[in-house]
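# Analysis of the macromolecular model
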Amino acid sequence: MHGLMMDMPLLISGLIRHADRHHGDTEIVSKRVEGDLHRYTYREAHARARKLAKALGRLGVKMHDRAGTLAWNGYRHFEVYYAVAGTGSVIHTINPRLFPEQIVYIANHAEDRVLFFDLTFLPLVEKLAPMLTTVKHYVLMTDRAHMPGKTGIAGLKCYEELLAAEDDGYEWPEFDERTAACLCYTSGTTGNPKGVLYHHRSTILHAYGGALPDVLNLSSRDVVLPVVPMFHVNAWGLPYSCAAMGTKLVFPGQHLDGRSLHELFETERVSMSAGVPTVWLGLLNHMKEHKLGFSTLKAVVIGGSACPPAMMRAFDELGVQVLHAWGMTEMSPLGSVATLKEKHLRLPKAQQTAILMKQGRAPYGVDWRIVDENGKELPHDGKAFGDLQVRGPWITSGYFKDEGGNPLKDGWFPTGDVCTIDADGYIQITDRSKDVIKSGGEWISSIDLENIAVAHPAVQEAAVIGIKHPKWDERPIVVAIVKKGQSLTKEELLKFYEGKIAKWWTPDDVVFVDDLPHTATGKLSKLTLREKFKDYRLPAA
Ligand code: AMP
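So, how was this worked out
- Residues numbered from 1 in each chain as written.
- Predicted model: local features only at pLDDT ≥ 70, side-chain atom pairs only at ≥ 80, totals over all residues.
- Heavy atoms only, no water.
- Near = heavy atom within 4 Å.
- Polar contact = N/O pair within 3.5 Å; in protein donor to acceptor, adjacent residues only side chain to side chain.
- Areas by Shrake-Rupley, 256 points an atom, 1.4 Å probe, with all protein chains shown as cover.
- Helix = DSSP H or I, 4+ residues; strand = E, 2+ residues; numbered from the N terminus.
- Nonpolar A, V, L, I, M, F, W, Y, C, P; charged D, E, K, R; others polar.
- Core = buried A, V, L, I, M, F, W, Y, C linked by side-chain atoms within 4.5 Å.
- Buried < 20%, exposed > 50% of the residue type's maximum accessible area, 1.4 Å probe, protein only.
- Contact = heavy atoms within 4.5 Å.
- Expected span 1.5 Å × (residues − 1).
- Salt bridge = Lys/Arg side-chain N within 4 Å of Asp/Glu carboxyl O.
- Pairing = 2+ DSSP bridges.
- Axes fitted to C-alpha atoms, helices over the stretch in contact; angles between N-to-C directions.
- Phe/Tyr/Trp six-rings, centres within 6.5 Å; stacked < 30°, edge-to-face > 60°.
- Lys NZ or Arg CZ within 6 Å of the ring centre and 35° of its normal.

## Description of the site of the ligand
Surveying the vicinity of the ligand reveals 14 residues, the closest of which are A325, T329, D417, R432 and K523. In this structure, a nitrogen atom belonging to the ligand sits 3.0 Å away from a side-chain N or O atom of H324. Protein contacts shield 90% of the accessible area of the ligand, which totals 500 Å² for the unbound molecule. Residue contributions to the shell around the ligand peak at four residues, all from strand β14 (residues 321-327). Its residues assigned to classes, the shell around the ligand shows four nonpolar, seven polar and three charged.

Here's what the structure looks like:
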């Protein structure tokens with residue numbers, strides 16, 4: 001017997017309609033590429049998204065067609081999110097920090113029909129346009145006054161003019177909730193980038209899941225500033241979760257330096273923000289240098305790579321709670337967040353911090369297990385570490401156009417991360433499976449060794465990689481940047497490891513550099529570093 005509830009598909013258009021009808025006067029504030037601050041409301045955003053939906057129809061963009069974007073976090077990008085998915089087309093957010101050849105590859109692979117882009121990327125798009133074989137329309141996300149006088153892009157359209165030509169009398173269509181809605185490519189470490197294709201249903205479930213108290217804890221009393229870009233896994237779902245909760249949004253545009261962020265946090269009364277460790281480093285340095293504090297910020301989500309303990313301490317001293325989160329493009333991306341359970345509330349602070357430093361627990365919607373090389377499940381005892389596999393309604397079952405074949409193992413998605421799971425269900429990521437250092441048949445966690453290095457007061461940033469060793473197979477070395485105006489010797493840094501780890505984990509060498517390579521999403525590029533150090537000879541080897 002079926003139940004008698006209404007059969008309403010879970011569609012992304014429903015989120016913006018809800019935000020308009022129930023939080024119509026809640027603000028969305030954006031630092032614009034044009035330089036000024038723009039503010040309007042969910043009601044106006046919805047009206048403009050409907051106008052854009054009409055404009056897309058006029059451009060001949062059909063259901064399932066892909067619309068690419070090269071854009072920062074801003075209200076126009078937000079409108080494109082809703083207009084494209086709302087009409088049944090697919091928004092394909094492109095990371096502008098990728099190499100130009102990669103952008104061309106993924107735009108062609110996705111078969112983008114239209115490309116929306118910010119003024120910043122005009123020179124890039126002019127260069128790439130001749131190689132983009134499927135794009136029929138280029139839309140510059142600005143007004144007439146900022147349109148270029150001369151451009152190599154034939155038929156370049158002005159975003160504001162497209163909208164001005166339409167009215168908002170548009171009804172969002174209803175269709176199957178499993179219809180594709182958004183496409184994000186993940187760079188991966190080998191081969192070409194692969195597309196992860198979210199559907200409406202997965203996006204809505206993820207929006208609900210992301211807002212829960214033990215996840216990002218969002219409400220209509222919050223002001224959220226997503227530093228994490230809208231071109232990286234949909235800014236961790238915040239543009240959807242915030243619309244669902246009626247949360248005020250503050251978009252920082254392209255200025256992610258410490259000073260710009262701090263100013264915006266203060267003037268817009270931001271209560272929660274989210275981003276990768278690298279951006280927080282810039283903000284914390286700026287605040288320390290100018291002896292600044294926060295008046296409204298309560299929490300920051302840190303994810304994308306491991307949050308170093310020193311960073312958590314720095315936020316703690318500023319009265320800000322760190323929510324250490326783990327996830328990946330293939331998981332929409334939220335996989336876990338570290339928060340305490342009731343039984344932890346009376347523990348001493350040091351023990352609580354040790355729990356919060358882990359990557360956290362799974363929200364309902366994510367299930368996981370760890371397995372050994374033979375696929376045998378390992379115990380959840382906080383000691384055994386193995387390959388982490390996940391499953392759930394917002395986790396991918398494969399890649400766009402079946403690239404790479406079926407990735408699943410017995411119905412589980414292998415994350416490529418290595419971790420422990422403790423008896424309370426908290427995971428601790430020890431490494432990417434490719435980054436883990438194998439010494440004498442045992443595993444050494446590069447993340448642990450990096451965390452210790454960056455806790456040294458003279459270290460700006462550090463990466464640990466394995467170097468071939470004739471006897472031990474691999475041994476770790478630290479590649480570190482020393483803070484400006486400070487000095488540090490190899491011996492001093494190695495001494496700093498004493499008593500913090502098993503002796504045999506101590507790195508064999510330290511190399512000081514001026515710069516470390518990062519990926520397009522701001523993570524340390526161990527691949528580039530390993531390549532650079534492939535002929536490196538260890539002192540004792
Ligand atoms: P991406 O798909 O680009 O978001 O990258 C996902 C990968 O980033 C994961 O598989 C992890 O290896 C890494 N990652 C994300 N969050 C964390 C975290 N909190 N700690 C350690 N690694 C993380």
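That shown, we press on.
## Section: the nonpolar core
As a rule of thumb, nonpolar side chains are buried together in soluble globular proteins. Counting 86 residues, the largest nonpolar core has I28, Y42, F78, Y82, F116, L216 and L388 as its most contacted members. Ranked by the residues each element gives to this core, the list is headed by helix α3 (residues 75-86), at eight residues. Excluding residues within four positions of it along the chain, Y82 makes contact with I12, L15, I16, A49, W172, P239, Y240 and A243. Counting residues in hydrophobic clusters, the runner-up holds 33 residues, among them L70, V90, L122 and A180.

## Side note on the side chain of H137
Assignment of secondary structure puts H137 in strand β6 (residues 137-140). Look at H137 and you get buried, because its relative accessible area is 17%. At a separation of 3.5 Å, a polar atom in the side chain of H137 contacts the side chain of K157. With near-sequence residues (within four places) excluded, H137 lies in contact with L59, R113, V114, L115 and K157.

## Structural notes on helix α2 (residues 42-58)
Here α2 spans 24 Å end to end across 17 residues, near enough to the 24 Å set by a 1.5 Å rise per residue. Every buried residue belonging to α2 is among Y42, A45, H46, A47, R48, A49, R50, L52, A53, A55 and L56, and all of these are buried.

## Brief notes about the side chain of T179
Checked against the element boundaries, T179 lands in the loop between α6 (159-164) and β8 (180-186). Looking at T179, its side chain comes within polar contact range of the main-chain oxygen of D176, at 2.6 Å. Look past the residues within four positions of T179 in its chain and what remains in contact with it is M63, H64, G88, H199 and H200.

## Quick look at the pattern of salt bridges
All told, the structure shown has 34 salt bridges when counted by the stated rule. As a salt-bridge pair, E161 and R144 come within 2.7 Å of each other at their nearest N and O atoms. Here the residue E161 occupies a position in helix α6, and R144 occupies one in the loop between β6 and β7 (157-158), the gap between them amounting to 17 residues. Close ionic contact of D316 with K349 constitutes a salt bridge, the shortest N to O distance being 2.9 Å. With D316 in helix α12 (residues 309-317) and K349 in helix α13 (residues 349-356), this pair connects stretches of sequence that are 33 residues apart. The exposure class assigned to D316 is partly exposed, which follows from its relative accessible area of 40%. Overlapping salt bridges bring together E34, R48, R76, E79 and E160 as one network.

## Quick notes on the sheet that holds strand β9 (residues 194-199)
As a general point, the strands of a sheet are linked pairwise by backbone hydrogen bonds and lie either parallel or antiparallel. The seven strands are arranged β7-β6-β5-β3-β4-β8-β9 in an open sheet whose pairing can be described as mixed. Two strands in the sheet have a free side with no partner beyond their single neighbour: β7 and β9. Note: β6 against β7, two bridges, orientation parallel. Bridge pairing links V139 to K157 in β7. Packing against the sheet, α3 makes contact with β3 (66-70), β4 (90-93), β5 (112-117) and β8, and its axis sits at approximately 145 degrees to β4.

## Let's talk about the packing of aromatic side chains
Counted under the stated rule, the structure contains 17 aromatic pairs. Three or more aromatic residues joined by ring pairs make a cluster, and in this case those are Y42, F78, Y81, Y82, Y240 and F251. The cationic tip of K194 hangs over the ring face of Y399; the distance from NZ or CZ to the ring centre is 5.0 Å. The side chain of K500 reaches across the aromatic face of F496, ending 3.7 Å from its centre.

## Concerning unusual backbone geometry
With an omega dihedral of 10 degrees, the bond running from S332 to P333 counts as a cis peptide bond. Looking at the element boundaries, P333 is found in the loop between β14 and β15 (334-337). Positive phi values are uncommon outside glycine, yet E111 reaches one of about 60 degrees. Residue placement: E111 occurs in the loop between α4 (100-110) and β5. Despite not being glycine, D402 has its phi angle at roughly 60 degrees, a positive value. By the secondary structure assignment, D402 is in the loop between β17 (386-391) and β18 (413-421).

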